[in-house]
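# Working through the structure, step by step
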Amino acid sequence: MLLIGVNRSPYTRRVAITLKHYGLPYEQRDLSGFGNRADVRAVNPLGRIPALVLDDGETLLDSAAIVDHLDQTYGGSQPLTPASGTDRRAVLKVAALMMGACDKGLHAAYERNHHPPEKVHQPWIDDCLAQMRTALSAVDGMVEPSQPYLLLGRLTQADIAAFIAERLARGLKIDTAAEMPRLHALAKGLLQKTAFTSTEP
Ligand SMILES: N[C@@H](CCC(=O)N[C@@H](CS)C(=O)NCC(=O)O)C(=O)O
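Here the structure is a predicted model, which is why all the values come from computation and not from measurement. (Residues numbered from 1 in each chain as written. Predicted model: local features only at pLDDT ≥ 70, side-chain atom pairs only at ≥ 80, totals over all residues. Heavy atoms only, no water.)

### A word on the pattern of salt bridges
- A full pass over the atoms with the stated rule returns six salt bridges.
- Note that Arg-13 is salt-bridged to Glu-200, the shortest N-O span being 2.8 Å. Of the two residues, Arg-13 sits in helix α1 (residues 10–21) while Glu-200 sits in the segment after α9 (194–197), which places them 187 residues apart along the sequence.
- Of the residues examined, Arg-13 reaches a relative accessible area of 4% and is grouped as buried.
- Under the relative-accessibility criterion, Glu-200 is labelled partly exposed at 33%.
- The shortest N-O distance in the salt bridge between Arg-133 and Glu-179 comes to 2.7 Å. In this pair, Arg-133 is assigned in helix α5 (residues 122–140) and Glu-179 in helix α7 (residues 176–179), connecting sequence segments 46 residues apart.
- By relative accessible area, Arg-133 is classed as partly exposed at 29%.
- For Glu-179, a relative accessible area of 33% gives the class partly exposed.
- Connected via shared salt-bridge partners are Arg-13, Arg-167 and Glu-200. (Salt bridge = Lys/Arg side-chain N within 4 Å of Asp/Glu carboxyl O. Helix = DSSP H or I, 4+ residues; strand = E, 2+ residues; numbered from the N terminus. Buried < 20%, exposed > 50% of the residue type's maximum accessible area, 1.4 Å probe, protein only.)

### Some thoughts on the site of the ligand
- In the vicinity of the ligand, the contacting residues are Ser-9, Tyr-11, Gly-33, Phe-34, Gly-47, Arg-48, Ile-49, Pro-50, Asp-62, Ser-63, Leu-106 and Tyr-110.
- At 3.2 Å from an oxygen atom of the ligand is found a side-chain nitrogen or oxygen belonging to Arg-48.
- The contact in question runs from an oxygen atom of the ligand to an N or O atom on the side chain of Ser-63, over 2.6 Å.
- Taken by itself the ligand offers 510 Å² of open surface, and the protein chains cover 82% of this.
- Grouping the constituent residues of the shell around the ligand by class yields six nonpolar, four polar and two charged. (Near = heavy atom within 4 Å. Polar contact = N/O pair within 3.5 Å; in protein donor to acceptor, adjacent residues only side chain to side chain. Areas by Shrake-Rupley, 256 points an atom, 1.4 Å probe, with all protein chains shown as cover. Nonpolar A, V, L, I, M, F, W, Y, C, P; charged D, E, K, R; others polar.)

Here it is as structure tokens:
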């Protein structure tokens, strides 16, 4: 398999961690959505990373669709997203909150990075970061400090999404150690695992 994207993208890293967790061999092309527009659009007409090119040449787009495929195909009896029922809904809910938090964080970053200074609208940045904070705080409230994982007593896509969102938040100067200390500690613990360490950008 070929993963298109850089791991400093939270969406790409979500896929990279999933591939590593399942022990799947893959190559990676370190392309970024803004830095390598033509190359990325050749793979994904929307111009976004990540994309995953399967061994038969099929290309999957969007981290949610990619991890869904990986969980279904390689998850066996313990997929990172449970196949059905309340456990599946619980994992998908946390993943939705955390991936949405990443979206809001990136909207805030794009406002600053893609506008001339006189056109940057600070209230929009503040609003996006406030939404990111409330989503992170909600998940912080779900962390049981004595447990290494959020749900089901094992690693799930909820943990992976929480991890990448916490990392992005820190990159955006949100002090997660002070504001979301349980989530911060959970992410620190996850970084002991090879799938997380080996995908550091
Ligand atoms: N919903 C998508 C979001 C992907 C996304 O926004 N990727 C960013 C990089 S972090 C990107 O390629 N942005 C370029 C652009 O939107 O033009 C996913 O989960 O894969």
